[in-house]
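Understanding the architecture of this molecule
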Amino acid sequence: MSKKTQFASRIGLIAATVGSAVGLGNVWRFPAEVQEGGGAAFLLIYIGCVILLGIPVMLSEFALGRAGHSDAIGALKNVGASKRWWVVGGIAILASYLILSFYMVVAGWTLEYLVQSVTGGLFEPVAGEAGLNSHFTAKMEEYVTTDWPPLIFTFLMIFINLGILLGGVQKGIERMSNIMMPLFFLVLVVFVVVALSLPDAGAGLSFFLRPDFSKITGSTIVSALGQAFFSLSLGMGILITYSAYFSSKVPLVRTAVTVSLLDLLVAIMMGLVIFPAITSFGLDGETIRGASLVFVTLPEVFTHMGMPQLWSILFFFLLAVAALTSTISIAEVSVAFIIDRFHTSRIKACLIVSLPLLPISAVCSLSMGLWSDFTILGMNVFDFLDNFATNILLPVGSILLCIFLGWFAPRNLMYDQLSNHGTIRSRLIPAVIWIVKYLAPVLIAVVLVSTFL
Ligand code: PFF
């Protein structure tokens, strides 16, 4: 078993793990899901999914990672899993790399928007524009679907990631998270205060916080569970990899609860920013799905707020930090895999992970513009990778992991890890083990099947 470095402090490991969880999933996926799922009713189901399934599945990854003390495949090997179970780690590593290759493109856009906000380019007139909305739509066309600018910023983001990963666990990942995550929360608090004091903020607030249970359908539950898994970074091997850097004293249950609640808090704070902001300026009829929320609707909101450039710099800084701390964590899955399986140096492993990302991300980036005619199953490369990895690989990996830990792993593995070998007593522990064994695989399988119906 290889000797691993560890996070230097509990705050550092929480900052890094929360940094991984808090990402574009919180900023643009969550508000869009809330909007489609009927507001507060979705929020309540989402909270239920985080508590009932998200935290137990997170704990199963923590238990495996810390017991196995290695990368996603090595951890399974080290806890005595037979060879066919290694496929569970293999799926997580494959999913993580595929997700990384398209997420890096979006991370590049956030950097591009940050730079354009600083230079003021985002607000410069576009030829032939007719209104604000078309201004930012035209800007998005320019920044996202042209060939070179998005590519350059994607590459820049890959190199920033490489620089941090080369610094290693303590001096790279942990140090960056310790600086970035408090800044992230600070900027987010500023946005919440400003959004809540906008005129007519109440209408957005009541959509977000007053539940209308008639809106709940089977598909609300399916989307809430999918969102919870994506947002908590489950099934990607990230938490297995990070928990191999946890010391044996870290209380896993308390850590998982803290990380999940902070991730939930960020999602709720994002809702408190976005819904008041869009109702306040009468933009709530617009679709806020995906990229258009952050790259079109919000910049439009900023122009109504006075000092648009300042708000836009702050917001895209927030977004770039969220993206960076997530891409780092997902890239570390492959870096750890290469270091542990092939016994290479960290430098070599970082290069082996980062260099192929250049052409792969370039293909994803160009698939938004120049190569948009090239499709797989009717989707461009970007959307295909997103759907294949997020909707298929993540749930399949999570189901198999729960089945392995619940039924095939050494009997006391979960209990020993969650109780720190009997030194922590909590009624939650048997409940978590029961959920991982019975409830989680069945519910995730239902979600997986229903996405195809
Ligand atoms: N939890 C992350 C998010 O909400 O954005 C999920 C994630 C996606 C992590 C992509 C890392 C990543 F590269």
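A brief structural summary. Not measured: the values here are computed from a predicted model.

1. A few points about unusual backbone geometry
- Positive phi, close to 55°, is recorded for histidine 69, a residue that is not glycine.
- A positive phi is found at serine 233, a non-glycine position, where the angle reads about 60°.
- Taking the relative accessible area as the measure of exposure, serine 233 reaches 3% and is therefore buried.

2. Focus: the site of the ligand
- Around the ligand lies a shell of 15 residues, among which Ala21, Gly25, Tyr103, Phe230 and Ser231 are the nearest.
- The protein chains hide 100% of the 340 Å² of surface that the ligand would expose on its own.
- Every element with two or more residues in the shell around the ligand is listed here: helix H1 (10-21), helix H2 (24-36), helix H5 (86-119), helix H10 (218-231) and helix H14 (308-342).
- For the shell around the ligand, the residue count by class is seven nonpolar, eight polar and no charged.

3. Structural notes on the packing of aromatic side chains
- By the definition in use, this model includes 28 aromatic pairs.
- For the ring pair phenylalanine 191 and phenylalanine 315, a centre distance of 5.9 Å and an interplane angle of 75° mean the geometry is edge-to-face. Taken together, the residues phenylalanine 191 in helix H8 (residues 168-196) and phenylalanine 315 in helix H14 connect sequence positions 124 residues apart. Taken individually, phenylalanine 191 and phenylalanine 315 each receive the classification buried, so the pair is uniform in this respect.
- Among the aromatic residues, ring-to-ring pairing joins Trp28, Trp109, Tyr113, Tyr143, Phe191, Phe295, Phe302, Trp311, Phe315 and Phe316 into one connected group.
- In this structure, arginine 29 is placed above the aromatic ring of phenylalanine 230, and the distance from its NZ or CZ to the ring centre is 4.9 Å.
- The ring of tryptophan 407 is capped by lysine 437, whose NZ or CZ atom sits 4.6 Å from the centre of that ring.

Rules used in this analysis
Here the residue numbers are simple positions, counted from 1 along each chain's written sequence. Totals for whole chains, interfaces and linings use all residues, but because this is a predicted model, local features are given only for residues with pLDDT of at least 70 and pairs of side-chain atoms are given and counted only at 80 or more. Derived side-chain values reflect all non-hydrogen atoms in the structure, with water molecules and hydrogen atoms excluded from consideration. For the exposure calls, accessible area comes from a 1.4 Å probe over protein chains only, and a residue counts as buried if that area is under 20% of its type's maximum, exposed if over 50%, partly exposed in between. If a single non-hydrogen atom of a residue is within 4 Å of a molecule or strand, that residue counts as near it. In these tables, accessible area is a Shrake-Rupley quantity obtained with a 1.4 Å probe, and a residue counts as shielded only by the protein chains included in the view. Segments assigned H or I by DSSP are reported as helices when at least four residues long, segments assigned E as strands when at least two residues long, and all are numbered from the N terminus. Throughout, the ten residues Ala, Val, Leu, Ile, Met, Phe, Trp, Tyr, Cys and Pro are labelled nonpolar, Asp, Glu, Lys and Arg are labelled charged, and all others, Gly among them, are labelled polar. To pair, rings of Phe, Tyr and Trp, with the six-membered ring standing in for Trp, must have centres within 6.5 Å; the planes then decide the type, stacked if under 30 degrees apart, edge-to-face if over 60, and tilted in the middle. Any Lys NZ or Arg CZ that is within 6 Å of a ring centre and within 35 degrees of that ring's normal is treated as a charge sitting over the ring.

Distances and angles like these do not, on their own, reveal function.
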